[in-house]
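# Structural overview for review
Residue strings, one per chain:
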Amino acid sequence: MDVDIDHYTILGLPSGEEGSKLSEKEITKAYRLKALELHPDKRPDDPNAPSNFQKLQTSYQILKDEKARKLFDDLLRVKQQKIQRQSQHDSKRRRMMSDLEEREKNAFYHQDPTSKARNEEESIARKLREEISRIRAMHGNNKTGFTETREFSRKKEKEDERKTSGVETNMDKEKMLKVSWEKGGLEYSAERLRGLFETFGEVKDVVIRSSKKKGSALVVMASKEAAVAATGTVCGDLSNPLLVIPLQPTVANSFPTFREPVKSSNGQLVNEDLVGARYQAFEDSVLQKLQKAAERQK
C-alpha cells in the first residue's frame, strides 16, 4: 500500500524529521538522479524496471505536493512515536499491556493512549490515500513525467557524446584537409599521415575514410595557417602520392590569378578550384599524371 511506503527512502533521501526539513529543490534533484538510474531505457533486461520507475514517480509526486507531504510527515511522526513507545517496554510488559488494553478497551477507550494513537494513524492514512487518489487523477497515467524524464535522459546522453567525440562538431572547417590516394598501392595509416602533415604544423586529428577504389582521410590541423601551407601539396610515396585539398577553402584576400585549365582523362576542361561534383575528374587527372611521372623515374 502507498501509505506503508517511505517515499523519502524511494528517492534515496533521509526520512523522518530530517526528511521533513528538505526543500522542494532538494527533492527534485534527488528524483532526477534516481530517475536516470531506474529509467526503463537504462535497464532493458530488468522486468521490474517499469514498476520500480512508476513507484519512483508516485513518491516524487506525493512529496512535491505540499498537502500530501504534510500528511505523510505526520504519518511518519505517529509511526515513529509508536516505535519509540513500544521500545520502552520489554516483551513481558508488552504482553501485559496488550491483555490490559483488550479487557479495558470499552471502559477506558478515551484514556487509552495506544488506541488513540492507532486511530490517529488510521485517520491520517485515510486522508493520505485520498490525496494520493487526487494526485493520480490530476496527473492521469503519469505519462507526462515519464516523457520528461526520458527527454532529460536523452539530452544527458547527447551531451556526454559531444564531450567524448574524437573530432569536435564545431571545429573550424578551414583547418580541415581532404587527403586522397589510389587503393591497391602503398597504404597510408593514420600514424603515417600524421607524421607527413606535421611538417606543416601541429596536427589535431586524423580520420581515415576509405572505399574499394580510393583511400581518403580527413586531417585536422591546429591552425588555418598550417592548413593553407599543406593545401595543394602532393606528398607521400611517389608510387602512390597523396592529393591534398581544403575541406572548405579560405576566403582569398586578393584578386584570383588566372590558371590554365586542366583537362581530365576524358578530355573535358576542369577548373582546379572546384571542389564538388566536377572535382572527381580533376582528381583522377592529377593522380594519373603523378603515376606516369613515377613510372618514368623507375
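Below: a short report on this structure. Since the model is a prediction, treat every value here as computed from it, not as a measurement.

A word on the overall build of the protein. For the protein, the helix and strand inventory stands at 11 helices and 8 strands. Put simply, the protein has 298 residues, and 30% of those count as buried. Residue pairs in contact within the protein that sit at least 24 positions apart in sequence constitute 64% of those at least 6 positions apart. Within the structure as shown, the protein displays about 19900 Å² of accessible surface, and the carbon and sulfur contribution to it stands at 50%.

Here we come to the environment of K213. Tracing the chain through its elements places K213 in the loop between β2 (203-210) and β3 (214-221). The class of K213 is exposed, set by a relative accessible area of 69%. The sequence separation of K213 and K183 amounts to 30 residues, and the corresponding C-alpha distance is 5.5 Å. Aside from chain neighbours lying at most four places away, what touches K213 is E182 and K183.

One recurring pattern in soluble globular proteins is that nonpolar side chains are buried together. Membership of the largest hydrophobic core comes to 26 residues, with the highest contact counts inside it found for Y8, L11, L13, I27 and L128. Sorting the residues of this core by element identifies α3 (24-38), α4 (49-64), α5 (66-87) and α7 (113-139) as the ones contributing at least two each. When residues in this core are grouped by element, the largest group, 6 residues, is from α5. Dropping the residues within four chain positions of it, L13 is found in contact with Y8, L22, I27 and A30. Within the second largest apolar cluster, 17 residues are counted, among which are Y188, L193, A217 and L242.

This brings us to the packing of aromatic side chains. Following the criterion strictly, the structure yields 4 aromatic pairs and no others. Ring centres of W181 and Y188 lie 5.3 Å apart, and the angle between their planes is 65°; on these two criteria the pair is classed as edge-to-face. Using a relative accessible area of 4% as the deciding quantity, one classes Y188 as buried. For the pair F197 and F200, a centre-to-centre distance of 6.2 Å together with 50° between the ring planes defines the contact as tilted.

Turning next to the pattern of salt bridges. A complete count under the given rule lists 10 salt bridges for this structure. With a shortest N-O distance of 3.6 Å, K67 and E131 are connected by a salt bridge. Here K67, found in helix α5, pairs with E131, found in helix α7; they are 64 residues apart in sequence, far enough to count as distant. The exposure class assigned to K67 is exposed, which follows from its relative accessible area of 53%. Residues participating in the shared-partner salt-bridge network are D65, K67, E131 and R134.

On to the packing of α3 against α4. Each pair of packed helices can be described by the angle between their axes along with the distance between the axes. One way to put it is that α3 packs onto α4 with a least axis distance of 11 Å and a crossing angle of 175°. Considering the angle they form, α3 stands roughly antiparallel to α4. Counted together, E24, I27, T28, Y31, K34, A35 and L38 of α3 and A49, F53, L56, Q57, Y60, L63 and K64 of α4 form the full contact between these two elements. For the contact of α3 with α4, a count of residues per class yields 9 nonpolar, 2 polar and 3 charged.

Of all 8 residues in β3, 8 are buried, a share of seventy percent or more. In β3, alternate side chains face the same way, and those of K214, S216, L218 and V220 on one face and G215, A217, V219 and M221 on the other are all buried. By the bridge criterion, 7 bridges tie strand β1 (residues 176-182) to β3 in an arrangement that is antiparallel. The partner of K178 across the bridge, within β3, is L218.

Criteria and cut-off values
- Residues numbered from 1 in each chain as written.
- Predicted model: local features only at pLDDT ≥ 70, side-chain atom pairs only at ≥ 80, totals over all residues.
- Heavy atoms only, no water.
- Helix = DSSP H or I, 4+ residues; strand = E, 2+ residues; numbered from the N terminus.
- Buried < 20%, exposed > 50% of the residue type's maximum accessible area, 1.4 Å probe, protein only.
- Contact = heavy atoms within 4.5 Å.
- Areas by Shrake-Rupley, 256 points an atom, 1.4 Å probe, with all protein chains shown as cover.
- Core = buried A, V, L, I, M, F, W, Y, C linked by side-chain atoms within 4.5 Å.
- Phe/Tyr/Trp six-rings, centres within 6.5 Å; stacked < 30°, edge-to-face > 60°.
- Salt bridge = Lys/Arg side-chain N within 4 Å of Asp/Glu carboxyl O.
- Axes fitted to C-alpha atoms, helices over the stretch in contact; angles between N-to-C directions.
- Parallel < 35°, antiparallel > 145°, perpendicular 65-115°, else oblique.
- Nonpolar A, V, L, I, M, F, W, Y, C, P; charged D, E, K, R; others polar.
- Pairing = 2+ DSSP bridges.

Don't take any of this as a statement about function, it's just geometry.
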